[in-house]
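If you want the building blocks of each chain, they are given just below.
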Amino acid sequence: MAEEVSAGSGGGSSSERGGEINGVGLASMDSLESRWVFQDEDDSEIDDEEDDDDDDAPHRAGVDSEDEDTPEQRLIRTGPRIDSFDVEALEVPGTHRSEYEDFGIGRKIILAFQTLGVVFGDVGTSPLYAFSVMFSKAPINGDEDVIGALSLVLYTLILIPLIKYVLVVLWANDDGEGGTFALYSLICRHAKVSLLPNQLPSDTRISSFRLKVPSAELERSLKIKERLETSLTLKKLLLMLVLAGTSMVIADGVVTPAMSVMSAVGGLKVGVAAIEQDEVVMISVAFLVILFSVQKFGTSKVGLAVGPALFIWFCSLAGIGIYNLLKYDASVLRAFNPVHIYLFFKRNSVKAWYALGGCLLSATGSEAMFADLCYFSVRSVQLTFVFLVLPCLLLGYLGQAAYLIGNPNDAEQAFFSSIPSGAFWPIFLIANIAALIASRAMTTATFSCIKQSTALGCFPRLKIIHTSRKFMGQIYIPVINWFLLVVCLIFVCSISSINEIGNAYGIAELGVMMMTTILVTIVMLLIWQINIIIVLSFVIFFLGLELIFFSSVLWSVTDGSWIVLVFAVIMFLIMYIWNYGSKLKYETEVKQKLSMDLMRELGCNLGTIRAPGIGLLYNELVKGVPAIFGHFLTTLPAIHSMIIFVCIKYVPVPVVPQSERFLFRRVCPKGYHIFRCIARYGYKDVRKENHQTFEQLLIESLEKFIRREAQERQLESDGDEDTDSGEDNSFSRVLIAPNGSVYSLGVPLLADFRGTSNPISEASTSEEVRADSPADQSKSDAEHSLERELSFIRKAKESGVVYLLGHGDIRARKDSWFIKKLVINYFYAFLRKNCRRGIANLSVPHSHLMQVGMTYMV
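Please read all numbers here as calculations on a predicted model, not as lab measurements.

A.B. asks: Would you mind showing me how to read the overall build of the protein here?
C.D. replies: Within the protein, the regular secondary structure consists of 29 helices and 12 strands. Looking at the protein as a whole, 60% of its 858 residues qualify as buried. Once local pairs closer than 6 in sequence are excluded, the contacts in the protein between residues at least 24 apart make up 86%. Of the roughly 32,700 Å² of accessible surface on the protein, 61% is carried by carbon and sulfur atoms.

A.B. asks: How should I be thinking about the packing of aromatic side chains in this particular structure?
C.D. replies: Think of a pair of aromatic rings as described by two things: how far the centres are apart, and how the planes are tilted against each other in angle. This model, assessed by the stated rule, comprises 26 aromatic pairs. Cluster of aromatic residues (ring-pair linked, three or more members): Trp313, Phe415, Phe416, Phe424, Trp425 and Phe428.

A.B. asks: Honestly, helix 5 (residues 130–137) in this entry has me stumped. Any pointers?
C.D. replies: Helical geometry: 3.6 residues make up each α-helical turn, so side chains three or four residues apart lie on a common side. Counting buried positions along helix 5 yields 7 of 8 residues, so the element is predominantly enclosed. Regarding helix 5, the residues found buried are Ala130, Phe131, Ser132, Val133, Met134, Phe135 and Lys137. Those residues of helix 5 that are buried lie in contact with helix 6 (143–166), helix 9 (232–265), helix 14 (350–360), helix 16 (378–406), helix 17 (414–417) and helix 20 (498–528).

A.B. asks: I would appreciate a short explanation of helix 8 (residues 219–230) in the present structure.
C.D. replies: The end-to-end C-alpha distance of helix 8, which contains 12 residues, comes to 17 Å, matching closely the 16 Å that a straight helix rising 1.5 Å per residue would cover. Turning to helix 8, its buried residues are Ser221, Leu228 and Glu229. Around the axis of helix 8, the buried residues are gathered within 95° of arc, so they sit on the same side. Every exposed residue of helix 8 that faces more than 90 degrees away from the buried side is listed here: Glu219, Lys223, Glu226, Arg227 and Thr230.

A.B. asks: What is the right way to look at the side chain of Ser439 in this model?
C.D. replies: Along the polypeptide, Ser439 turns up in helix 18 (residues 424–455). A distance of 2.9 Å separates a polar side-chain atom of Ser439 from the backbone oxygen of Ala435. For Ser439, the residues in contact, after removing those within four places along its chain, are Thr256, Pro257, Ser260, Val261 and Leu291.

A.B. asks: Where do I start with the confidence of the model for the protein in this structure?
C.D. replies: Fine structural detail should not be taken from predicted coordinates in areas where pLDDT scores are low. With 71% of its residues at a pLDDT of at least 70, the protein reaches an overall mean of 74. Within the protein, no element has a lower average pLDDT than helix 1 (residues 15–22), which sits at 34, and none a higher one than helix 6, at 94. Per-residue pLDDT stays below 50 along residues 1–102; that stretch engages in 311 contacts with residues further than four places along the chain or on separate chains.

A.B. asks: What is the right way to look at the side chain of Arg680 in this model?
C.D. replies: With respect to the secondary-structure elements, Arg680 resides in strand 8 (residues 674–681). Within the local environment of Arg680, its side chain forms a polar contact with the backbone oxygen of Glu660, the two atoms lying 2.9 Å apart.

A.B. asks: What is the right way to read unusual backbone geometry from this model?
C.D. replies: What you tend to see is this: most non-glycine residues have negative phi, and most peptide bonds are trans. Positive phi, close to 45°, is recorded for Ser349, a residue that is not glycine. Counting through the fold element by element, Ser349 comes out in the loop between helix 13 (339–348) and helix 14. The backbone phi angle of Gln529 is positive, close to 55°, even though this residue is not glycine. On the basis of relative accessible area, Gln529 is assigned to the buried category, the value being 13%.

A.B. asks: I would appreciate a short explanation of the sheet that holds strand 12 (residues 849–857) in the present structure.
C.D. replies: The pairing of strands in a sheet happens through backbone hydrogen bonds and is either parallel or antiparallel. The 6 strands lie next to each other as 7-8-6-5-11-12, forming an open sheet whose pairing is mixed. Only two strands of the sheet have a single partner each, and these edge strands are strand 7 (662–666) and strand 12. The average angle at which neighbouring strand axes cross in this sheet is 25°, direction not considered. On the sheet, helix 24 (residues 628–635) packs against strand 5 (609–618), strand 6 (638–650), strand 11 (801–811) and strand 12 and is oriented at approximately 125° with respect to strand 12.

A.B. asks: Would you explain the environment of Leu543 in this entry?
C.D. replies: Relative to the assigned elements, Leu543 resides in helix 21 (residues 532–555). Between the C-alpha atoms of Leu543 and Thr517, which are 26 residues apart in sequence, the distance is 6.5 Å. If near-sequence neighbours (up to four positions away) are discounted, Leu543 is found in contact with Met514, Thr517 and Phe538.

A.B. asks: Just checking my understanding: could you explain the pattern of salt bridges for this structure?
C.D. replies: Any two side chains of opposite charge can pair, given that their charged atoms come close. Using the criterion set out here, one finds 7 salt bridges in the structure. A salt bridge links Glu546 to Lys164; its shortest N-O distance comes to 2.4 Å. With Glu546 in helix 21 and Lys164 in helix 6, the pair connects residues that are 382 residues apart, well separated along the chain. With a relative accessible area of 0%, Lys164 lands in the buried category. Salt-bridge contacts for Arg666 lead to Glu709; the nearest nitrogen and oxygen are separated by 2.8 Å. Of this pair, Arg666 sits in strand 7 while Glu709 is found in helix 25 (residues 691–719), placing the two residues 43 residues apart along the sequence. This pair shows no difference in class: Arg666 is buried, exactly as Glu709 is.

A.B. asks: Would you mind going over the nonpolar core with me for this structure?
C.D. replies: The biggest cluster of nonpolar side chains holds 170 residues, and the ones touching the most others in it are Phe120, Phe131, Trp313 and Phe314. No other element matches the 18 residues that helix 20 contributes to this core. In this structure, Trp313 is in contact with Gly124, Thr125, Leu128, Phe415, Ile430, Ala431 and Ala434, ignoring residues within four places of it in sequence. Within the second largest apolar cluster, 33 residues are counted, among which are Ala627, Phe632, Cys668 and Tyr828.

A.B. asks: Hey, could you run me through the packing of helix 22 (residues 562–591) against helix 28 (residues 818–834) in this one?
C.D. replies: Each packed pair of helices is defined by two parameters, the angle between the axes and the distance between the axes. Look at helix 22 against helix 28: their axes get within 10 Å of each other, and the N-to-C directions meet at 100°. Regarding the angle of helix 22 to helix 28, the classification is roughly perpendicular. Contacts from Ile574, Ile577, Trp578, Tyr580, Gly581, Ser582, Leu584 and Lys585 in helix 22 reach Lys820, Val823, Ile824, Phe827, Tyr828, Leu831 and Arg832 in helix 28. A breakdown of the residues in the contact of helix 22 with helix 28 according to their chemical character gives 10 nonpolar, 2 polar and 3 charged.

A.B. asks: Quick question: what am I supposed to make of the pairing of strand 8 here?
C.D. replies: Walk down a regular strand and you will see the side chains alternate between the two sheet faces. The buried count for strand 8 comes to 8 of 8 residues, which makes it a mostly enclosed element. Pairing between strand 6 and strand 8: 8 bridges, direction parallel. Within the sheet, the bridge partner assigned to Lys649 lies in strand 8 and is Arg680. Relative to strand 8, strand 7 runs antiparallel, the two sharing 5 bridges. Bridging across to strand 8, Arg665 finds its partner in Arg676.

Thresholds applied
Residues numbered from 1 in each chain as written. Predicted model: local features only at pLDDT ≥ 70, side-chain atom pairs only at ≥ 80, totals over all residues. Heavy atoms only, no water. Helix = DSSP H or I, 4+ residues; strand = E, 2+ residues; numbered from the N terminus. Buried < 20%, exposed > 50% of the residue type's maximum accessible area, 1.4 Å probe, protein only. Contact = heavy atoms within 4.5 Å. Areas by Shrake-Rupley, 256 points an atom, 1.4 Å probe, with all protein chains shown as cover. Phe/Tyr/Trp six-rings, centres within 6.5 Å; stacked < 30°, edge-to-face > 60°. Expected span 1.5 Å × (residues − 1). Arc of directions from axis to C-beta. Polar contact = N/O pair within 3.5 Å; in protein donor to acceptor, adjacent residues only side chain to side chain. pLDDT = per-residue confidence, 0-100. Pairing = 2+ DSSP bridges. Axes fitted to C-alpha atoms, helices over the stretch in contact; angles between N-to-C directions. Salt bridge = Lys/Arg side-chain N within 4 Å of Asp/Glu carboxyl O. Core = buried A, V, L, I, M, F, W, Y, C linked by side-chain atoms within 4.5 Å. Parallel < 35°, antiparallel > 145°, perpendicular 65-115°, else oblique. Nonpolar A, V, L, I, M, F, W, Y, C, P; charged D, E, K, R; others polar.

Right, dumping it as structure tokens:
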């Protein structure tokens, strides 16, 4: 099966809505709990619209099907609920941890080496342009200006990449996954703030759901949690912050290649005087095309290949810095005294404020360390930055400042001018390689964020290619790759000035940084539960600092960098419209789902016949019979002997263990062989199995569920002789189809059905056997019944599996607002038409597919 099959479950619904969908009996019932309850046998269909968010709501138990007709009400003692929705998720006690934790020292060193080529390329190439952009806004008028600008850069590097990201933000990862959506899923797992659809209360009992955090919640954390859960406005605001951060990451993926490559190729103007800016742009375009063309070879291969090149680059930065310090002026070390920042602003006032945009460029790539965390471990990123990247960057900036004190007129190309003449061309070559590597940093981060947003229903489905068999997080998205290339080329050709591109770069980077600061603050309050003074200090200091930087770059937005803001807004609207439309579609399907009585009436009127085989009907509902099933009943002349409603969906955890993958429940009485299956996948799960493998895993899990069900019923029967097989006492219905066939819905379908010559007598015989059956069957009878059902499943599997796909579309009602009609009928319809549909995601032969379309009015 392809990666994106379940991405179509996207959209959102409030947690209250999710509680209504899930039905009664899932939220709070202990699997080991036993109680006395009244079983209403005349109406045991669970009201799907009943609110089950209240943990004290009464639970209906003792019945193993969602809907069942029995003749009377009686008092029974329930055993453990026969329902793998509650049971299977509790099976594995251990938490599935990141795949990087068990690596030895040697493997960690290799990973640290690879991080140079994937994570740190962006921040590593900032010396190419940081000082050049700064001094274009605030020209050098004396040595103190150089010292002040250097002090700003040094403390920006220390405060934002080191303290904020390496020491704080990296620890807010979601089981090794970083980025804005990882933070969102982390928050959603500790408070019911998710606006994602088809979530089950039992999802919260997946072993991966639990983090090793203190169990004692502070009063402050509980109040914040309650406030977030009860306010729909706060839920929407939180989702919009996440979408805004993700849109800025995508915009960053456009600006980073343009800035890095243009600044590196611009060094030609230092080495060759005849080179003009137009030639620099043309060469940059060629490099960008090459860059995005090799993206498909994967992170591990490219990272390991370019890791040595970037290692040489960092060593070159340090070497050039030490050389310039010794040759020109070692007094620049005074810049570690922060008082020089004050003196810089005192001397330059407004110009110094403008220069903050260039100063921020020294910290670009900080977000890539977090967004690219899925590719490598936290420790490898931290160790590499602290012991290699940061020292080399500091030495590089110190060396440039020392050179500029003696050569203030070379500020336009500060880095290339400071290179010793004998080493210029080798360093120029390495710088261009490093720039190409840096351009990949935010591209890979963009892939990661888009995959997360797709999995959580906030981005249209796209083809996702996994480039590593060992590391599930290493992916490549062809459509996004070429889309970024086209936008990047337009950006480079329309804005050829490094200063303007640098300003746009700062806007995109700061947008992501501010969203991350807000989300990490919520994590501190809700999950980490640390001292409020520390939390306030973090948010006030870093958010205030980023707002100051943002005011500087925003002031110059009219110089062409507005293009980045427009691009980010477009991406935000795409994600929000997809989420909004998917939410409406899902909620409409919930409202229009079929009751069991209606489904049986359709079967009676249309003469539905059960044919050998298994029908897998894909839908997005986790509760109830989807309305699309009625279209299959009215369209097909027969229905398979076994029907399984399959809902493949992502849950907001990185990985769902295989033993917790499938959840089953009976939809009808036992004899009807109709089940519901929910296949749960985390947003890091790789689903590359073909349809045969998926079918095999599903059938094995179904057999496991049936065996557990039989064991639980046997235990219940042994403990209480008053408990009997209530579902087998349903009334028999003799149905006459239009074609003249006569059959009974009370008969286990196709079980020992040897012919059609005397169907009524066979039904009567079956009824007599059922009537004469004792209330408490012996153990051998139970085992015989179990083996008969398992044999029936195997025979159905041998007869073939058919995939029943329903394509549901939505249209706005005629009386809807104009904006809603525009969004749903045109924008959302356009996205659905051009995104990857379920048929493209299934590696299933066309001979095994049946499709029915349906349109909902919302």
